[in-house]
Amino acid sequence: MSLLELKDVRKTFGAIEALRGVAFSVEEGSVVGLVGDNGAGKSTLMKTITGVYRPDGGDILFDGLSLVDKDPGAIRQAGIEMIYQDLALARMRDVAANIFLGRELTRTVLGVRLIDSKRMRAEAEAMIARLGARIPSVAQMTGQLSGGQQQSVAIARALTFNPRLVIMDEPTAALAVREVEHVLDLIQTLKTRGIGVILISHRLTDVFSVCDRIVVLRQGAVIADDATRDTSMNAVVAHIVGATDAPRQGAHP
Ligand SMILES: Nc1ncnc2c1ncn2[C@@H]1O[C@H](COP(=O)(O)OP(=O)(O)OP(=O)(O)O)[C@@H](O)[C@H]1O
Ligand SMILES: [Mg+2]
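What comes next is a walk through the structure.

As a further point, take the environment of Phe 100. Along the chain, Phe 100 turns up in the loop between helix H3 (95–99) and strand S7 (106–109). Residues Phe 100 and Leu 34, spaced 66 residues apart in sequence, show a C-alpha to C-alpha distance of 29 Å. With near-sequence residues (within four places) excluded, Phe 100 lies in contact with Leu 105, Met 120, Glu 123, Ala 124 and Arg 157.

Here we have six strands laid out as an open sheet, ordered S6-S9-S10-S3-S11-S12, and mixed in their pairing. Strand pairing shows two members of the sheet lacking a second neighbour, strand S6 (80–83) and strand S12 (221–227), which therefore form its edges. On average, adjacent strands in this sheet sit at an angle of 15 degrees to one another, irrespective of strand direction. Here helix H5 (residues 147–159) sits on the sheet and contacts S6 and strand S9 (165–169); the angle it forms with S6, its principal contact strand, is near 165 degrees. Contacts from helix H8 (residues 233–241) reach strand S3 (31–35), strand S11 (213–218) and S12, with the element oriented near 20 degrees to S11.

Every residue near ligand 1 is listed here: Phe 13, Ala 18, Asp 37, Asn 38, Gly 39, Ala 40, Gly 41, Lys 42, Ser 43, Thr 44, Tyr 53 and His 202. In this structure, an oxygen atom belonging to ligand 1 sits 2.8 Å away from a main-chain N or O atom of Gly 39. Within the side chain of Thr 44, one N or O atom sits 2.6 Å away from an oxygen atom of ligand 1. Its free accessible area being 630 Å², ligand 1 has 61% of it covered by the protein chains. Considering every element that reaches the shell around ligand 1, the biggest residue donor is helix H1 (residues 42–49), with three residues.

Attention now goes to the sheet that holds strand S5 (residues 65–66). Ordered by their spatial adjacency, four strands build an open sheet running S2-S1-S4-S5, and the pairing between neighbours is antiparallel. The sheet is open, and its two edges are formed by strand S2 (16–26) and S5, each paired on a single side. Where strand S4 (residues 57–62) lies against S5, two bridges are found, and the strand directions are antiparallel. Note that in S5 the partner of Leu 61 across the bridge is Ser 66. Contacting strand S1 (4–13), S2 and S4, H1 crosses the sheet at an angle of about 115 degrees to S1.

Thresholds applied
Residues numbered from 1 in each chain as written. Chains lettered and ligands numbered in written order. Predicted model: local features only at pLDDT ≥ 70, side-chain atom pairs only at ≥ 80, totals over all residues. Heavy atoms only, no water. Helix = DSSP H or I, 4+ residues; strand = E, 2+ residues; numbered from the N terminus. Contact = heavy atoms within 4.5 Å. Pairing = 2+ DSSP bridges. Axes fitted to C-alpha atoms, helices over the stretch in contact; angles between N-to-C directions. Near = heavy atom within 4 Å. Polar contact = N/O pair within 3.5 Å; in protein donor to acceptor, adjacent residues only side chain to side chain. Areas by Shrake-Rupley, 256 points an atom, 1.4 Å probe, with all protein chains shown as cover.

As structure tokens, then:
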């Protein structure tokens with residue numbers, strides 16, 4: 001059984017058919033690259049998986065159980081974490097506070113519940129170390145970290161929920177070359193832990209270096225779904241832009 005199985009998923013916004021019967025699967029411990037032009041439906045599909053939108057048709061099975069009637073909280077509880085492009089981190093708070101944002105660890109002193117900063121820092125440090133993320137100190141203000149380091153914080157935060165599937169929307173778009181490699185290493189770490197990953201990216205070199213499969217969406221439909229070793233950059237680009245295999249005549253008059 002696949003970890004995630006999408007079956008004929010449909011979603012319309014008024015007259016716009018954003019998803020026209022999307023179907024593909026994600027296995028445990030595998031990375032699926034989801035690519036497609038602007039407006040292809042990638043974000044809509046992810047929001048449909050995470051319960052932000054309810055599909056108009058089709059089914060979404062996670063571990064064989066349907067997610068379509070569940071709300072975002074229940075879907076997260078089931079084990080799906082989404083890391084958004086803007087990361088949703090609190091820039092003015094330190095790394096440890098961000099990792100535990102909204103679920104702060106507490107201790108009780110004389111009947112009063114207090115935030116346990118010491119324990120949060122210790123656990124945050126352990127998590128960063130296990131992940132192999134390069135963050136100088138968990139006491140550092142998150143807004144002062146580099147883009148790649150902030151991405152690592154978002155991944156560490158997602159892992160505190162013990163997810164089985166992590167969805168990442170453009171995690172490398174704004175990063176310097178060395179930082180890109182680091183984030184791709186982190187994705188490999190998730191994979192070796194048996195976590196499934198959906199990686200949305202316009203950067204095909206990143207997709208080819210880290211994904212096991214590549215799914216191409218075009219105008220709300222899957223037009224290619226191949227093992228990475230069975231496809232090529234040229235083929236994927238052609239699918240994305242909707243070119244045919246035949247060379248276009250008269251394209252450059
Ligand atoms: N809330 C909405 N209301 C109406 N139309 C929407 C809504 N969200 C998305 N759409 C439309 O659905 C289509 C798919 O959009 P979506 O954001 O999923 O594309 P995308 O593949 O994520 O693109 P990008 O690479 O630019 O992020 C587009 O035509 C878009 O205009
Ligand atoms: Mg999008």
